[in-house]
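# Fold and contact review
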4 protein chains.
Amino acid sequence: MILVLNENYEEKQFENLVNWLKNKNFELHVSKGQNSTIVGLIGDTSSLDTDMMESLDIVKSVKRIGEPYKSANRKFHPLDTVIDVDGAKIGGGNFGMIAGPCSVESEEQLCTIAKRVKESGAGFLRGGAFKPRTSPYAFQGLRKKGIELLLAAKAETGLPIVTEIMDISHLPLFEDVDVIQVGARNMQNFELLKELGHVDKPILLKRGLASTIDELLMSAEYIMSGGNEKVILCERGIRTFEPKTRNTLDLSAIPIIKQLTHLPVIVDPSHATGVAKLVEPMSLAAAACGADGLIIEVHNDPPHALCDGQQSLTPEAYDDVARKVRAILPYSYKIGK
Amino acid sequence: MILVLNENYEEKQFENLVNWLKNKNFELHVSKGQNSTIVGLIGDTSSLDTDMMESLDIVKSVKRIGEPYKSANRKFHPLDTVIDVDGAKIGGGNFGMIAGPCSVESEEQLCTIAKRVKESGAGFLRGGAFKPRTSPYAFQGLRKKGIELLLAAKAETGLPIVTEIMDISHLPLFEDVDVIQVGARNMQNFELLKELGHVDKPILLKRGLASTIDELLMSAEYIMSGGNEKVILCERGIRTFEPKTRNTLDLSAIPIIKQLTHLPVIVDPSHATGVAKLVEPMSLAAAACGADGLIIEVHNDPPHALCDGQQSLTPEAYDDVARKVRAILPYSYKIGK
Amino acid sequence: MILVLNENYEEKQFENLVNWLKNKNFELHVSKGQNSTIVGLIGDTSSLDTDMMESLDIVKSVKRIGEPYKSANRKFHPLDTVIDVDGAKIGGGNFGMIAGPCSVESEEQLCTIAKRVKESGAGFLRGGAFKPRTSPYAFQGLRKKGIELLLAAKAETGLPIVTEIMDISHLPLFEDVDVIQVGARNMQNFELLKELGHVDKPILLKRGLASTIDELLMSAEYIMSGGNEKVILCERGIRTFEPKTRNTLDLSAIPIIKQLTHLPVIVDPSHATGVAKLVEPMSLAAAACGADGLIIEVHNDPPHALCDGQQSLTPEAYDDVARKVRAILPYSYKIGK
Amino acid sequence: MILVLNENYEEKQFENLVNWLKNKNFELHVSKGQNSTIVGLIGDTSSLDTDMMESLDIVKSVKRIGEPYKSANRKFHPLDTVIDVDGAKIGGGNFGMIAGPCSVESEEQLCTIAKRVKESGAGFLRGGAFKPRTSPYAFQGLRKKGIELLLAAKAETGLPIVTEIMDISHLPLFEDVDVIQVGARNMQNFELLKELGHVDKPILLKRGLASTIDELLMSAEYIMSGGNEKVILCERGIRTFEPKTRNTLDLSAIPIIKQLTHLPVIVDPSHATGVAKLVEPMSLAAAACGADGLIIEVHNDPPHALCDGQQSLTPEAYDDVARKVRAILPYSYKIGK
């Protein structure tokens, strides 16, 4: 960490700062120039808050050199983390295909879709039981009943299930869920993240609409610092000014994240774009730039889905996408190669 | 709501659509042009989801004409809502001044600040007991102990207290809190909002970093539809590309929100800018464009605050700002005048 | 175009509006509902300005149904436009590879790079003679001399050259340039665009940092409406809040643009990310989602480039990227298939 | 400037870097830590390009400490610049009121408006002769004829005139124009800026939609480094995700700009919001936070303006706004007080 000091500080302030930092066992390198004084801190600065350091009267600005995350940091864990749910794998060269409806609606709907996506090669079934909706008047999901239907579909197809949690208090309902999803709106629900740090299940953590890559990694760190190192990251679009897509899919985040962390990172082209006909090209692009998997909405009857039908594929279209993705994978980007 | 249909739909699809909508008791106006067919829906469309309607195969795009919020809508409640906590008021011409430290640190710190801001005219004391922090390694607040200290400061000064809730399970600790704050990161924590709809206390709802004004109003609607109509909205900056401020304060949101809703809306210049020396000009600007109040961070010792000291004022500086704000208020914008 | 009228308009205003529109030969469909009146306009509305229509006192809001561009519109020109410069092609299934240094520095530098990228399969040589730089104190390019060096490199290698124009007055210098580039900062320099509409050369038009896809197509329309239909579009990143990349590459723009227009669209991964090690993954992703080509910065000595070295590849690295891109192309997205 | 070096550099690289910098007469302070080496440069670094320095193989990242602008920098010119056109002043405590129609349409229109805004206290008449329009099919302004009409209105009212230039080649037409405006889309049209550096007239430079404050100041520096120090800056909204306003007015830019530079900065609430009823509150807010003036669109017949009528005030409404702004000015923010 580098501190640039204000131009006209008092010597007393400077001594206080130096003593305080030395007491914290940092080694200091001070450069006094004509117009500015710079203090370099050598040591473990993850306990120092950048904002707090900048708030010191004598400090003009702060530059962090190392990353503030440890457990998620590839520097300290160079090997890829592989998430393995009864043999269904994501990461470390395993491309995970997660598919299913936006909302769980009925047993028939869910089982039909589950069988179809399994035939197309999906390794995980997704489906929303608890639905975060902008409007209180919109369908909020089947909730407990939805999870029961997911478990029934799992029993019938053998596919592990992925579904979203919206509140800590619902955790007991997720006992038999295989992968717990944290939605974009909850990426910085820190109390929830802490609680999920004590769960022995993979967590699928979606990037918030206005969250930086570093913030995503810090949210993963919340879970990992609690003891749960099974985190799957997910890029699902950020909010920009472009109106043609619901969000702007930030695919450059994929290779960046893979350089910074050993955790797997997948892409959600359905929510990122909100447009069904963009799912195929964006799935191919995600695979091409090194993503570890895809989570795609599939619905047997898109026009009548209770939510987000606009971004859903039919099982036929999904089969086509899955086939094309498998074909492109051997030619995709591999980090370090 | 207006539906623009796809160009080459089948007559059968069209009949299905029309019948479905008529069954829902909408009156329909259909215009068939050379290149496009347009269907106007007359009736209460708040139960219709725009995304769902757009997902219909026959529909090209949808335009909502009315607002999807009801309880928060000024059309149906033209008079300003006034929040009144034992005589401390916000809204309807009452300018509310909320002030206090970012984090509650100690009884001495809190009481010192509380007395000072009360002398400067603040009507409410704010202070963070539960602190949402990007890093799990950063100070997370005194939590339960912090709320006890806030209540002690209230007992000593008589100022009603405002503090942030981070999870439903903490609600019992907020029994004696006067105003419960929902932070920007939780603006779309819908389960929390629903729960707060059953609480008989004012809720201070902050706008999310990437949330539109309509989304903010829909989150207020979540609380209000549960029965709690005492909602105070708060603009605290949105995320943009400009690096000089932590966020970009969107002051045009103030007059827009006041046109759309009867709820009071206040401004948080401290978090919006993240820079102490911008608090005065932005406070004056907020007052000038019609805000119903200000929530400002004040710390007796900014350089040593455990968080966000960079954006805190000293009590002296706050006194100066409060005085200047009171002076400008008579010349500020009044909607409808 | 659909007009939603204000709620309490006067009958006289309504008559004026109707008469004015009928005089302009629009067919009108009026739906009067309880709360709102809607007017549908049938006819060629490209002469109507959305802003102007919304400015009418009686009008609440306007929804355009058709696209405001004609020459660029795929509806009216379903077949892909192919840009052909002496056999080097872009579009219609021809993947164009443009490569070269950010700035032209010397004949030796340029010819060395030109030969190397040609060997790697590039079909066009790029190089900056006029350089738009944020600072007036930074290197502004070799200007006239730079174009001469580009022409020398063309003479030696046979590669057609692509270089950026910054002002109309420089146009005579571009007489022997093969493809004229309009930079992101000039995407809405309308006087320049109009002038390029009268030039008989392909124009490479880069998307502005804060420009929507529709605005990019309207800028192409400026050129095309002057008679020059040889426009190549280029996605090169938009400005967002994410600091890890210089801009955020919006790859979903590629399939969207290809649906809307018959013009070819290429991707600039060098400027979009500003990071050399992201060029390979983003090139593969761009190819995968259907781009018609890539423009990539290559420098024989990246650390000493006079500008933007950070985003340049060495010729060796470019050769590797070009090879991988060719390998992935057969598996990439093809619109309509 | 601080350079953070890559972790595993070679000693030879390090020597090369040090020698190169010493040859450029920088004084160096090197701190070698366990994990990183930091080089502090003391000297005039405005000739060094941050991007170029980051492109060096040995360099991991760069932090600039000083500002890259000189002529515009308040550090070197502490006193406010005052723009004075025949006694009409902007800056240094003089609040400039610029008003007039978006487009010049006719002599009658212009003179009517000019007289009215003069009566309301405006010191400058604005009006567009050359109009940058997104669509080539939209009204492009009266051009040469428009400037003649502006000069006629000046002759009649005595108001100095402000109008936008779109291309260097039009400069001869601006000989009698008092203040030349550079629009947001041309803020980084560097060839135009350089040319305006040789003109002896005040330049009104508008911030680009996606331009940072530093980029705005660097564009001012382009003009000033050519010799023309009469630059007026203008905040007119930046592009964000919020759809209720055309752009998001960034008012915190006002006090920031005033701290960084001695140049006057005004606000354009008409274009920033695109909504007439937001002009009053945003004008009051702009005045409150220390702006040096306002540029406001006024039209005698807003519903029939040829462009942007939606954001125009009637002369009556402008008179009201002007009166309220004058009333609030004594209570507004003054930097350094």
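Residues numbered from 1 in each chain as written. Chains lettered and ligands numbered in written order. Predicted model: local features only at pLDDT ≥ 70, side-chain atom pairs only at ≥ 80, totals over all residues. Heavy atoms only, no water.

It is worth spelling out the overall build of chain A at this point. For chain A, the helix and strand inventory stands at 10 helices and 14 strands. On the principal axes, the C-alpha backbone points of chain A span a range of 75 × 45 × 40 Å. Counting every position in chain A, which comprises 337 residues, the buried fraction comes to 66%. When contacts within chain A are restricted to residue pairs at least 6 apart in sequence, those whose partners lie at least 24 apart make up 67%. Just so you have it, chain A exposes about 11400 Å², and 47% of that area is on carbon and sulfur atoms. Here chain A holds 38 positive side-chain charges and 44 negative ones, and the gap between their average locations is 3 Å. (Helix = DSSP H or I, 4+ residues; strand = E, 2+ residues; numbered from the N terminus. Buried < 20%, exposed > 50% of the residue type's maximum accessible area, 1.4 Å probe, protein only. Contact = heavy atoms within 4.5 Å. Areas by Shrake-Rupley, 256 points an atom, 1.4 Å probe, with all protein chains shown as cover. Lys, Arg positive; Asp, Glu negative; His and termini not counted. Charge placed at Lys NZ, Arg CZ, Asp CG, Glu CD.)

Before going further, it helps to spend a moment on the relation of the copies chain C and chain B. Mapping between the two copies of the chain is achieved by a rotation about an axis and a shift along the axis. The operation relating chain C to chain B is a screw motion whose rotation component is 180 degrees, with 0.0 Å of axial translation and a residual RMSD of 0.0 Å. Taken together, the rotation and translation relating the two chain copies correspond to the operation of a two-fold axis. Measuring from the rotation axis to each C-alpha of chain C, the shortest distance belongs to C:F241, at 2.3 Å. Of the residues that chain C buries at the interface, 100% are likewise interface residues in chain B, meaning the two copies contact each other through the same surface. (Least-squares fit on C-alpha atoms with pLDDT ≥ 70 in both.)

Our next topic: the sheet that holds strand β4 (residues 59-63) of chain D. Consider a sheet: its strands pair through backbone hydrogen bonds, and that pairing is either parallel or antiparallel. Residue and element names in this part refer to chain D. Across the sheet, four strands lie side by side as β2-β3-β1-β4; this open sheet has antiparallel pairing. Either end of the sheet is taken by a strand with one partner, and the two such strands are β2 (27-32) and β4. Direction aside, neighbouring strands of the sheet carry axes that sit 20 degrees apart on average. Alignment of strand β1 (residues 2-5) against strand β3 (residues 37-42), held across three bridges, turns out to be antiparallel. For V4, the partnering residue across the bridge sits in β3 and is I38. Sheet strands in contact with helix α1 (residues 11-23) are β1, β2 and β3, and its direction is about 155 degrees off that of β2. (Pairing = 2+ DSSP bridges. Axes fitted to C-alpha atoms, helices over the stretch in contact; angles between N-to-C directions.)

Structurally, chain A comprises domain 1 (2-63) and domain 2 (83-335). Computed over C-alpha atoms, the centres of domain 1 of chain A and domain 2 of chain A are 43 Å apart. (Domains from an automatic or database assignment.)

If you want to describe how two helices pack, look at the angle between their axes and the distance between the axes. Residues and elements named next belong to chain C. The geometry of helix α6 (residues 213-225) relative to helix α7 (residues 253-260) is characterised by a closest axis approach of 11 Å and an angle of 45 degrees between their N-to-C directions. One way to sum up the angle between α6 and α7 is to call them oblique. Between α6 and α7 the crossing geometry is right-handed. Contact residues: I213, L216 and L217 in α6; A253, I256, I257 and L260 in α7. Classifying every residue of the contact of α6 with α7 gives seven nonpolar, no polar and no charged. (Parallel < 35°, antiparallel > 145°, perpendicular 65-115°, else oblique. Left-handed = near helix turned anticlockwise from the far one by under 90°. Nonpolar A, V, L, I, M, F, W, Y, C, P; charged D, E, K, R; others polar.)

Once that is clear, we can look at the sheet that holds strand β4 (residues 59-63) of chain C. Residue and element names in this part refer to chain C. The strand order across the open sheet built from four strands is β2-β3-β1-β4, with neighbouring strands paired in antiparallel fashion. Edge positions in the open sheet fall to β2 (27-32) and β4, since each of these has one partner strand only. Taking the axes of each pair of neighbouring strands and ignoring which way they run, one obtains an average angle of 20 degrees across the sheet. Set on the sheet, helix α1 (residues 11-23) makes contact with β1 (2-5), β2 and β3 (37-42); between it and β2 the angle comes to about 155 degrees.

Reports of interface size often rely on the accessible area that becomes lost once the parts have come together. Taken together, the contact between chain C and chain B spans 20 residues of the former and 20 residues of the latter. Approximately 1700 Å² of surface area, both sides summed, lies buried where chain C meets chain B, with 66% of it carried by carbon and sulfur atoms. Taken together, the links from chain C to chain B amount to two residue pairs in polar contact (both at pLDDT 80 or more). For the side of chain C that touches chain B, the secondary structure elements donating two or more residues are β1, β2, β3 and β4 of chain C. (Buried area = accessible area lost by both parts, 1.4 Å probe. Polar contact = N/O pair within 3.5 Å; in protein donor to acceptor, adjacent residues only side chain to side chain.)

This part covers the environment of B:G293. Residues and elements named next belong to chain B. On the secondary structure map, G293 appears in strand β14 (residues 293-297). Counting along the chain gives 97 residues from G293 to L196, while the straight-line C-alpha distance between them is 22 Å. When neighbours within four sequence positions are excluded, G293 is seen to be in contact with F95, G96, V265, I266 and V267.

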